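Report on the structure
Each chain is listed here by its residues.
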Amino acid sequence: SVPISRRKVAVTPRSEPEATVLEAVSLRSNQEVLFGVGESSLTVAETGSQSLSKAEQRKLDSDHLRDPLLSELSNDEVRFTEDAVQLLKFHGSYQQHHRELRKTDKVRSWQMMLRLRSPGGRIPARLFLALDELSNRLGDGTLRATTRQAFQMHGIPKADLKEVIGTIVRNLGSTLAACGDINRNVMAPPAPFEKGGYPVARRLADEIADLLSPEAAEGAYLDLWVDGDLSYRFKPSRAVRKARKRQSEDGVFSGSSEEPLYGDTYLPRKFKVAVTVPGDNSVDLLTQDIGLVAFTDPSGELRGCNVYVGGGMGRTHNKEETFARTADPLGYVEAADVLDVVQAILALQRDHGDREVRKHARMKYLIHDKGIQWFRETLCATYFKGALKGLRNEPKAKLLDYLGWHRQKAGMWFVGLPLLCGRLNGDLKAGLRQLVETYQLEIRLTANQDLLLCNIGTSQRASIRTQLEAMGFEVPEAPARLARHAIACPALPTCGLAITESERILPDVLDRLDAQLRRLEIEKSLLVRMTGCPNGCARPYMAELGLVGNGVNQYQLWLGGTPNLQRLARPYMEKLPLDDLEKTLEPLLLSWKAAGGRRSFGDHIEKLGDQEVSALLAASA
């Protein structure tokens, strides 16, 4: 195992003679607690030969994510130092250097992207109105729905960051743990149905978000952004409070009284959780570190969950040791054990994840290297006291998007609105504000970067429909076929990792593909995802057609995922010039058409096999 942290914990000084000798008490295999003579603190120091990596040491020295952020917030610099930037992620923000402003405006080119924590994509009316106002006054005027069901704001100057985050907190929102080496936003089906397992899945997502919220870091977060006002602390449910008490028990306990679950260096890398109901794959379940499928009894109470572990999309070009991976089935747990198994899995990754090589630090690599059987045995032997059973049967998964009008419950409706790439700006954003403000509607964001307007009374439907038509949503039930499920990452000009374009050119790419399908008289659609780099923020490796940036206007071509997001695509071309897209795909599309169109495009690719697909691609060259 690897060092967890070097931490300071208050202890009572001792006066006994034997206290003059240093005593060592082992915490983990390569660490000891050293008690100093008459000291009021103790330090956990490594006894192994290797020192902490720079990333781990930075977290350890930060006083639970305070320093040097606290001092740098008040200086006059237009950007944060690298140490502060890395800690800023835990608070939900990335520092970005706008590439198109670097030469013309060296001050405004430095700006912050801010991401919210919104379990299940829920955005209350009050919070949306605050975000809209902040984005117009202090941001670039846009909001963007992410693929993890949260809003992002772009273009925030460093000097305004405290006002922006503080205002979000004061309006029932949070950005804590939206980024960083920690559990990220917890996903759940956004549809506000009051039937079946949907209420349970939403509640469970809220509980897991609170359960995995860092305790000491929450204090630092409130210190930085709302001057230590503890009235804004998370207020977890009774079930979460009970589960949190068990974080100090053997196995799960990190050794830190301040961060009993995470420890003082938090996780090796980011961690992602999603909850859904049987058959609903609106959350891309198999791409998560933990995926939960919640089963309920006839009265709607939670019975238990199927648990999947070890999914993840990020990879790096030309490094075969990095790869996308779908989650493995772990087992079924009863309702009483769901929260415990979640924190036990996180604790296992905390202790055994790679803290030396960050590109190898996600839980997917741990499971790939050690095997799911080792993972299951280690979990049950050390971390989890409940029982893991065989998976319960699930219906075939579907990618549900909830677009159009749906009955929420008796006398109440919601409507799903398609937002290509999730970007809200201009007249559309102003129109949504007017609707939310007038009718006090709740918003829920989807993993497909769309938006649901919820809690619409029957008497309000006609007027809201009229206003939506004026905004351009004349038939929200039927967006363009390729655009319905296509998603893209922001990429240029703000993302520092982007190699080429993604969001800004996706509409044109879809128009070109749509024209090609019509010309070939192919009526079926296919799932397209696009990114400007290999990190996988739009989860392109699950698509039937994935375009992954690998040079200026050049993309890796990934093929063979499924419309319901159950199988990884595979790479077939290293550098596809975007100008050659139609010519390259034509033989494959004609082959699909000749097969009769019964199968999805991804399934057709799978049936053809690598050799035949490669031959058809070569024929297009």
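Our structure's up above, just so we're on the same page.
These numbers were taken from a predicted model, which means no experiment stands behind them.

What counts, and at which threshold
Residues numbered from 1 in each chain as written. Predicted model: local features only at pLDDT ≥ 70, side-chain atom pairs only at ≥ 80, totals over all residues. Heavy atoms only, no water. Helix = DSSP H or I, 4+ residues; strand = E, 2+ residues; numbered from the N terminus. Rg over C-alpha atoms; globule rule 2.2 N^0.38 Å. Buried < 20%, exposed > 50% of the residue type's maximum accessible area, 1.4 Å probe, protein only. Contact = heavy atoms within 4.5 Å. Areas by Shrake-Rupley, 256 points an atom, 1.4 Å probe, with all protein chains shown as cover. Lys, Arg positive; Asp, Glu negative; His and termini not counted. Charge placed at Lys NZ, Arg CZ, Asp CG, Glu CD. Core = buried A, V, L, I, M, F, W, Y, C linked by side-chain atoms within 4.5 Å. Axes fitted to C-alpha atoms, helices over the stretch in contact; angles between N-to-C directions. Parallel < 35°, antiparallel > 145°, perpendicular 65-115°, else oblique. Left-handed = near helix turned anticlockwise from the far one by under 90°. Nonpolar A, V, L, I, M, F, W, Y, C, P; charged D, E, K, R; others polar.

Description of the overall build of the protein
Assigned secondary structure in the protein consists of 16 helices and 23 strands. A compact globule built from 621 residues should have a C-alpha radius of gyration of about 25 Å, and the protein, at 25 Å, falls within 12% of that. In terms of principal-axis extent, the alpha carbons of the protein reach across some 90 × 60 × 55 Å. The buried share among the 621 residues of the protein stands at 58%. Considering only contacts within the protein whose residues lie at least 6 apart along the sequence, 67% involve residues at least 24 apart. A total accessible area of about 24,900 Å² is found for the protein, and carbon and sulfur atoms account for 50% of it. Across the protein, the 83 positively charged side chains and the 79 negatively charged ones have centroids separated by 3 Å.

A short note on the nonpolar core
Core analysis: the biggest nonpolar cluster contains 111 residues, and F128, F151, I208, L292, I345, L451 and L453 have the highest contact counts within it. No other element matches the nine residues that helix α9 (residues 338-352) contributes to this core. Other than its neighbours up to four places away in sequence, L453 contacts W413, F414, V415, L417, L432, L435, V436, L441, E442, I443 and L468. L513, Y572, F601 and L616 belong to the second-largest nonpolar core, a separate cluster that totals 33 residues.

Things to note about the packing of helix α6 (residues 198-211) against α9
The contact between α6 and α9 brings their axes to 11 Å, and the two run at 45°. The pairing of α6 with α9 is recorded here as oblique in orientation. Seen along the crossing, α6 lies across α9 with a hand that is right-handed. Contacts between α6 and α9 involve L204, E207, I208 and L211 on the former and, on the latter, V338, L339, V342 and Q343. Of the residues belonging to the contact of α6 with α9, the class tally is six nonpolar, one polar and one charged.

With respect to the packing of α9 against helix α11 (residues 372-383)
Relative to each other, α9 and α11 sit at 105°, their axes nearing to 10 Å. On the basis of their axis angle, the class for α9 and α11 is roughly perpendicular. Residue-level inspection shows V341, A344, I345, A347, L348, R350, D351 and H352 of α9 in contact with α11, the latter providing W374, F375, T378, L379 and Y383. Residues belonging to the contact of α9 with α11 are distributed by class as follows: nine nonpolar, two polar and two charged.

By themselves, these observations are geometric and do not establish any function.
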